[in-house]
Protein chains: 2
Amino acid sequence: METKPTEISSSKMFGGYNKRYKHFSPTLGCSMTFHIYFPPSPSPSHKFPVLYWLSGLTCTDENFIIKSGAQRAASSEGVVLIAPDTSPRGLNVEGEADSWDFGVGAGFYLNATQEKWKNWRMYDYIVKELPTLLSECFPQLDTSRASISGHSMGGHGALTIYLKNLDKYKSVSAFSPIVNPTNCAWGQKAFTNYLGGNKADWEEYDATCLISKFHDVPATILIDQGEDDKFLHDQLLPQKFEEACRIANVPLLLRLQPGYDHSYNFIATFIDDHIRHHAQALNLSRI
Amino acid sequence: METKPTEISSSKMFGGYNKRYKHFSPTLGCSMTFHIYFPPSPSPSHKFPVLYWLSGLTCTDENFIIKSGAQRAASSEGVVLIAPDTSPRGLNVEGEADSWDFGVGAGFYLNATQEKWKNWRMYDYIVKELPTLLSECFPQLDTSRASISGHSMGGHGALTIYLKNLDKYKSVSAFSPIVNPTNCAWGQKAFTNYLGGNKADWEEYDATCLISKFHDVPATILIDQGEDDKFLHDQLLPQKFEEACRIANVPLLLRLQPGYDHSYNFIATFIDDHIRHHAQALNLSRI
């Protein structure tokens, strides 16, 4: 089984290239796809910083690449975009595709502890396997300069991964993140199945619980949230995170955007601000 | 059957709204959907000019709205985008869905003359029914200020509709258009089935044939074509149109874009230039 990524498509955009790769993931025990957007390179030896984008429930590695328009700002700012898939696929675990908010397409960026879901180790895949793979196979990437962002379940992933790895990421941002999964139905369903009944284990993957442990978060956390998002009050709960940041004295810029919903139309509207937020942190880190 | 459009979805983007509508089309004899992007309005009485976008083979009214990112420039330039579907649907004509390049999703923006395909009247739908409907139902639109653009089969549609209706459209542009369908396999298959065997009838829907009749095309025609487009040499044939424009002394800006393919990644990269091309012509027409 080939663990090195094979290029399966390539398409020019904004002077750079969207490229899709396939590889066998030892962490997840299955074949996975991911996308990279490479900006136009100023020289053959140029090394780009990277921005990981974690997608939301039901998404694959394609949604962000097709719908966000992020390549425009990534091209002008010189940031590589990395878009992984959202769960293992093709393992045929009983019930894995029964619901849109659990199993396939719904990895929640954690390491499952329950035997049945033992392949669901998206946390290790994103934090460990993928950076090592990228560093080994793509010499044009400087994976030591990395930031992370995401949408909804992926916003949850970006925030929790960042808070647990402040040494690995220069900055974080999120669109409509699930900031307090221990207190919403999506999170409770996923955590019960992946992590079991012990709620102390759940808190390791809850940004609002994690933030209270940190007082030296170096960069401002940027969050955009649509006010007409139908999941705002039941699932996303940004005010819980805002309150926890205030208590922990963590700098947060939470922007409530009137009229916007939970879709990629919202993301496309504000993605440039996020790319620039990360480019600033990534370029500062080079000095 | 309701001929007035019913709103079936609405999503904010770049300060304006993507709205999808459904209506019964008397021209086509079936229910149709279309999208409108409304830019943010400077005042309740403001009237926007409109840009029709005709999509390519296999597309619906959704592809351009989801993938092009055209709303960014449409918002800043104050141009409404109209994205219709590409054929009648749901009529259950025998064989209508047998191929991806004919029948459903492949209306070729003509009025079919063959009995079997009598509902395929996308030319009349785009040129007559839709503008009247928009004018009657959306007072914020000034449909007397209209331009037209499109991709591939839709680029063919935009060019032929423009050339046959110079009084109705202020400007035209296209991405990767089928400019000479009488000389390529896609066109020959469609025209044989929709129009019958008389090639003189085909020329009425061939931009390269039509351009030779016109010497007073008022605005420069803008075409972008990717040089790595796999359909370039067999189906698209832009050099045939370029030569015909040269002979007819019609102003054409044909930009060959190195490395770009036939996809929406190409369209997204250059759509702003097209929106500005049309905005200039539409705003001039107001003076």
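Quantities reported herein were computed from a predicted structural model and do not represent experimental measurements.

Novice: Would you mind showing me how to read the sheet that holds strand 9 (residues 252-257) of chain B here?
Specialist: Backbone-to-backbone hydrogen bonds pair the strands of a sheet. The strands run either parallel or antiparallel. Residues and elements named next belong to chain B. With parallel pairing, the three strands of this open sheet are ordered in space as 7-8-9. Each having just a single partner strand, strand 7 (173-175) and strand 9 make up the two edges of the open sheet. The mean angle between the axes of side-by-side strands here comes to 10°, regardless of whether they run parallel or antiparallel. For strand 8 (residues 221-226) and strand 9, the ladder comprises six bridges, and the chain directions are parallel. Of the residues in strand 9, the one forming a bridge with Leu 222 is Leu 253. Where helix 10 (residues 264-284) meets the sheet, its contacts fall on strand 7, strand 8 and strand 9, and the angle it forms with strand 7 comes to roughly 180°.

Novice: Sorry, what's going on with the interface of chain A and chain B here?
Specialist: Counting from both sides, the interface comprises 21 residues of chain A and, opposite them, 21 residues of chain B. A combined buried area of about 1,700 Å² lies between chain A and chain B, and 43% of that area is made up of carbon and sulfur atoms. When the area that chain A buries against chain B is broken down by residue, the three leading residues are Lys 12, Arg 72 and Asn 265 of chain A, summing to 32%. Run the count over chain A and chain B and you get two salt bridges. For Arg 72 of chain A, the salt bridge is made with Asp 272 of chain B, and the minimal N-O distance between the two is 3.0 Å. For the side of chain A that touches chain B, the secondary structure elements donating two or more residues are strand 1 (6-13), strand 2 (16-25), helix 1 (63-67) and helix 10 (264-284) of chain A. Ranked by residue count, the leading element in the side of chain A that touches chain B is helix 10 of chain A, at five residues. Broken down by class, the residue content of the side of chain A that touches chain B amounts to eight nonpolar, eight polar and five charged.

Novice: What is the right way to read the UniProt feature "active site" (unreviewed entry) in chain A from this model?
Specialist: Residues and elements named next belong to chain A. UniProt feature "active site" (unreviewed entry): in the numbering of this structure it lies at Ser 152, Asp 229 and His 262. These residues run over 111 residues, yet every pair of their C-alpha atoms falls within 10.8 Å of each other. The class for Asp 229 is buried, based on a relative accessible area of 4%. Discounting residues that sit within four places of it in the chain, Asp 229 has contacts with Ser 176, Leu 236, Tyr 260, Asp 261 and His 262. Mapping His 262 onto the fold places it in the loop between strand 9 (252-257) and helix 10. For His 262, a relative accessible area of 15% puts it in the buried group. Look past the residues within four positions of His 262 in its chain and what remains in contact with it is His 151, Ser 152, Ser 176, Asp 229, Phe 231 and Leu 236.

Novice: What is the right way to look at the pairing of strand 5 (residues 80-84) of chain B in this model?
Specialist: Across a regular strand the side chains alternate sides, sitting on one face of the sheet and then on the other. All names here are of chain B. Burial of strand 5 is extensive: five of the five residues sit out of reach of the surface. Where burial is concerned, the two faces of strand 5 agree: the one with Val 80, Ile 82 and Pro 84 and the one with Leu 81 and Ala 83 are both buried. With four bridges joining them, strand 3 (residues 30-38) and strand 5 adopt antiparallel strand pairing. Looking across to strand 5, one finds that His 35 is bridged to Ala 83.

Novice: What am I meant to see in the packing of aromatic side chains here?
Specialist: Geometrically, a pair of aromatic rings is defined through the distance of the ring centres and the angle of the planes. Taken as a whole, this structure holds 38 aromatic pairs over all chains when the rule is applied. Taken together, Trp 53, Phe 64, Phe 175, Tyr 260, Phe 266 and Phe 270 of chain A form an aromatic cluster joined through their ring pairs. Its end group placed over the ring of Tyr 17 of chain B, Lys 19 of chain B keeps NZ or CZ at 5.3 Å from the ring centre. Cation over ring: Lys 164 of chain B sits above Tyr 123 of chain B, and NZ or CZ is 5.5 Å from the ring centre.

Novice: Looking at this structure, how should I read the relation of the copies chain A and chain B?
Specialist: For the pair chain A and chain B, the best superposition has an RMSD of 0.0 Å and corresponds to a rotation of 180° with a translation of 0.0 Å parallel to the axis. Put plainly, the chains are arranged around a two-fold axis. For chain A, the residue whose C-alpha comes nearest the rotation axis is Lys 67 of chain A, separated from it by 2.7 Å. Both copies share a contact surface, since 100% of the interface residues of chain A are interface residues in chain B too.

Novice: What is the right way to look at helix 4 (residues 153-164) of chain A in this model?
Specialist: Note: α-helices contain 3.6 residues per turn, so residues at a spacing of three or four share the same orientation. All names here are of chain A. Between the first and last C-alpha of helix 4 there are 17 Å, a value that for twelve residues agrees with the 16 Å anticipated at 1.5 Å per step. The buried fraction of helix 4 is high, at eleven of twelve residues. Those residues of helix 4 that sit buried are Met 153, Gly 154, Gly 155, His 156, Gly 157, Ala 158, Leu 159, Thr 160, Ile 161, Tyr 162 and Leu 163.

Novice: Even after reading the chapter, I still don't get helix 10 of chain A, so can you show me in this structure?
Specialist: All names here are of chain A. For helix 10, built from 21 residues, the straight-helix expectation of 30 Å at 1.5 Å per residue is met to within 8% by its first-to-last C-alpha distance of 29 Å. Maximal helix bending in helix 10 amounts to about 50°, located at Phe 270. Counting buried positions along helix 10 yields 16 of 21 residues, so the element is predominantly enclosed. Of the residues flanking the start of helix 10, the one acting as N-cap is Ser 263, its side-chain oxygen 3.1 Å from the backbone nitrogen of Asn 265.

Novice: What's the story with the side chain of Ser 75 of chain B in this structure? I'm lost.
Specialist: Relative to the assigned elements, Ser 75 of chain B resides in helix 2 (residues 71-77). With near-sequence residues (within four places) excluded, Ser 75 of chain B lies in contact with Phe 14, Tyr 37, Pro 39 and Pro 40 of chain B.

Novice: Would you mind showing me how to read the sheet that holds strand 2 of chain A here?
Specialist: Residues and elements named next belong to chain A. One open sheet holds the six strands; their spatial order is 1-2-3-5-4-6, and the pairing between them is mixed. Since the sheet does not close on itself, it has two edges, and those belong to strand 1 and strand 6 (141-150), each with one partner. Put simply, the sheet's adjacent strands are angled 25° from each other on average, direction ignored. Most of the contacts of helix 4 go to strand 6, to which it runs at about 130°, and overall it touches strand 4 (48-54) and strand 6.

About the thresholds
- Residues numbered from 1 in each chain as written.
- Chains lettered and ligands numbered in written order.
- Predicted model: local features only at pLDDT ≥ 70, side-chain atom pairs only at ≥ 80, totals over all residues.
- Heavy atoms only, no water.
- Pairing = 2+ DSSP bridges.
- Helix = DSSP H or I, 4+ residues; strand = E, 2+ residues; numbered from the N terminus.
- Axes fitted to C-alpha atoms, helices over the stretch in contact; angles between N-to-C directions.
- Contact = heavy atoms within 4.5 Å.
- Buried area = accessible area lost by both parts, 1.4 Å probe.
- Salt bridge = Lys/Arg side-chain N within 4 Å of Asp/Glu carboxyl O.
- Nonpolar A, V, L, I, M, F, W, Y, C, P; charged D, E, K, R; others polar.
- UniProt positions renumbered as here; feature names shortened; annotations may be inferred.
- Buried < 20%, exposed > 50% of the residue type's maximum accessible area, 1.4 Å probe, protein only.
- Phe/Tyr/Trp six-rings, centres within 6.5 Å; stacked < 30°, edge-to-face > 60°.
- Lys NZ or Arg CZ within 6 Å of the ring centre and 35° of its normal.
- Least-squares fit on C-alpha atoms with pLDDT ≥ 70 in both.
- Expected span 1.5 Å × (residues − 1).
- Bend = angle between axes of the 7 residues up to and from the residue.
- Polar contact = N/O pair within 3.5 Å; in protein donor to acceptor, adjacent residues only side chain to side chain.

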